[in-house]
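Architecture and fold: a report
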Amino acid sequence: MERFAGRVAVVTGASSGIGAQIAEDLVRAGMVVVGVARRVDRLQAQAASLAGLRGRLEPLQADLSSTDELRRVFKWVDDNLGGISVLVNNAAILSTVPVPDQDPAQSEKLIATNVTAVLIGCSLGVDSMKKHGIKDGHIININSTAGHRVFGSSGGLNGSAVAYCASKHATVALTKGLRADLQALKASGFKIRVTEFASLITDDDMILTTKDVSRAALFVLSLPPAVEITELTIQPTGEFM
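Going by the annotation in an unreviewed UniProt entry, the name recorded for the protein is Farnesol dehydrogenase-like isoform X2, with Frankliniella occidentalis given as the source organism.

Structure, rendered in structure tokens:
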């Protein structure tokens, strides 16, 4: 991680859970982390708690279901901090409402947050790397094991996660496709790595914690630039899904 010290990372959904843990660990590794979330008060409290470490957390409020808000985030980073070296697309909405009962407005918000924001975030992140000559950038798309199977009403969850699963399947395709599109930049010396993380944090006895996922994220980032972990599935020991 030493080569990333002093450089910029953007983490979405950084006010709680996996996003908050990854943001904290990147600050401890010496990065300038832009934490993006709707609940800016939580981000500000976290930034204060991390004061004095090698890096720092820059809180930035935004509703990522809005394309205009997303563009504002990346413009702010460009204007104030420069190029992005690490982008962690983590923000997501979980719905357990069966498809026939979905409210159209909530469905639109779910797709806007879970799919559109990731797609546009990847595009703007790569643009930032190209603009600032960051040839060893890394994009991590935090996904779920729901991106590799479908949890319907009989899938063991409290409700139906079909809409959520559909959005997470899109993340799998997007991440793989992005890697293919980035091949066009190799001739210019850009070797931007892309990783899809699939995990599921449950309340079972053998629990997977946010720290477990964050440790894995930092491991992937810390590997030599010539090594790219394209997909990483993290499950509790003994879990079969």
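**So, the sheet that holds strand 4 (residues 84-89)**
Spatially, the seven strands line up as an open sheet ordered 3-2-1-4-5-6-7, and their pairing is parallel. Two strands lie at the open edges of the sheet, namely strand 3 (56-61) and strand 7 (231-234), each paired on one side alone. Adjacent strand axes in the sheet meet at a mean angle of 15°, parallel and antiparallel pairs treated alike. The strands that helix 1 (residues 17-28) touches are strand 1 (8-12), strand 2 (32-37), strand 3, strand 4, strand 5 (138-144) and strand 6 (193-199); relative to strand 1, the one it contacts most, it runs at about 165°. In this fold helix 2 (residues 40-49) packs onto strand 2 and strand 3, with an angle of close to 170° to the strand it touches most, strand 3.

**Structural notes on helix 6 (residues 210-222)**
If you check helix 6, its first and last C-alpha atoms are 18 Å apart, about what 13 residues at 1.5 Å a residue would give, namely 18 Å. Within helix 6, burial applies to V213, S214, A216, A217, L218, V220 and L221. Lining the buried residues of helix 6 we find helix 1, strand 4, strand 5, strand 6 and strand 7.

**Concerning the nonpolar core**
Among the nonpolar cores identified, the biggest contains 31 residues, and M1, I22, L26, M31, V33 and F197 are the most heavily contacted of them. For this core, the secondary-structure elements that each account for two or more residues are strand 1, helix 1, strand 2, helix 2, strand 4, strand 5 and helix 6. The element that contributes the greatest number of residues to this core is helix 6, accounting for six residues. When sequence neighbours within four positions are dropped, the list of residues in contact with M31 reads M1, F4, G6, R7, V8, A9, L26, G55, R56 and V86. If you look at the next biggest cluster of nonpolar residues, it comprises 29 residues, including V8, L60, L70 and I84.

**Remarks on the side chain of S85**
Examined against the element boundaries, S85 turns out to sit in strand 4. The exposure class assigned to S85 is buried, which follows from its relative accessible area of 2%. Among residues more than four places away in sequence, those in contact with S85 are F4, R7, V8, M129, I134, G137 and H138.

**Considerations on the pattern of salt bridges**
On inspection of all chains with the given rule, the structure shows 14 salt bridges. For D25, the salt bridge is made with K211, and the minimal N-O distance between the two is 2.9 Å. In this pair, D25 sits in helix 1 while K211 sits in helix 6, placing the two residues 186 residues apart along the sequence. The exposure class assigned to D25 is buried, which follows from its relative accessible area of 8%. A residue is classified by how much of its surface remains accessible, and K211, at 29% relative accessible area, is partly exposed. Put simply, K75 and D79 hold a salt bridge, and the shortest N to O gap is 2.6 Å. One end of the pair, K75, and the other, D79, are both in helix 3 (residues 67-80), four residues apart, so they sit about a helical turn from each other. Under the relative-accessibility criterion, K75 is labelled exposed at 54%. Among the charged side chains, a salt-bridge network with shared partners connects R3, R7 and D136.

**Things to note about the packing of aromatic side chains**
For the structure on display, the rule yields zero aromatic pairs. Between K135 and the ring centre of F190, over which it is positioned, the NZ or CZ distance is 5.5 Å.

**Some words on the environment of A166**
Tracing the backbone shows A166 in helix 5 (residues 162-181). Note on A166: relative accessible area 45%, which makes it partly exposed. In sequence terms A166 and A146 are 20 residues apart; their C-alpha atoms lie 8.2 Å from each other.

**Structural notes on the packing of helix 1 against helix 6**
In a pair of packed helices, the angle between the axes and the distance between the axes together describe the arrangement. Put simply, helix 1 and helix 6 touch, their axes get as near as 9 Å, and they point 50° apart. As far as their axial angle goes, helix 6 and helix 1 are oblique. Here helix 1 and helix 6 pass one another in a crossing that is right-handed. Side by side, helix 1 and helix 6 meet where G17, I18, Q21, I22, D25 and L26 of the first sit next to T210, K211, V213, S214, A217, L218 and L221 of the second. Split into classes, the residues belonging to the contact of helix 1 with helix 6 amount to seven nonpolar, four polar and two charged.

Parameters and conventions
- Residues numbered from 1 in each chain as written.
- Predicted model: local features only at pLDDT ≥ 70, side-chain atom pairs only at ≥ 80, totals over all residues.
- Heavy atoms only, no water.
- Pairing = 2+ DSSP bridges.
- Helix = DSSP H or I, 4+ residues; strand = E, 2+ residues; numbered from the N terminus.
- Axes fitted to C-alpha atoms, helices over the stretch in contact; angles between N-to-C directions.
- Contact = heavy atoms within 4.5 Å.
- Expected span 1.5 Å × (residues − 1).
- Buried < 20%, exposed > 50% of the residue type's maximum accessible area, 1.4 Å probe, protein only.
- Core = buried A, V, L, I, M, F, W, Y, C linked by side-chain atoms within 4.5 Å.
- Salt bridge = Lys/Arg side-chain N within 4 Å of Asp/Glu carboxyl O.
- Phe/Tyr/Trp six-rings, centres within 6.5 Å; stacked < 30°, edge-to-face > 60°.
- Lys NZ or Arg CZ within 6 Å of the ring centre and 35° of its normal.
- Parallel < 35°, antiparallel > 145°, perpendicular 65-115°, else oblique.
- Left-handed = near helix turned anticlockwise from the far one by under 90°.
- Nonpolar A, V, L, I, M, F, W, Y, C, P; charged D, E, K, R; others polar.

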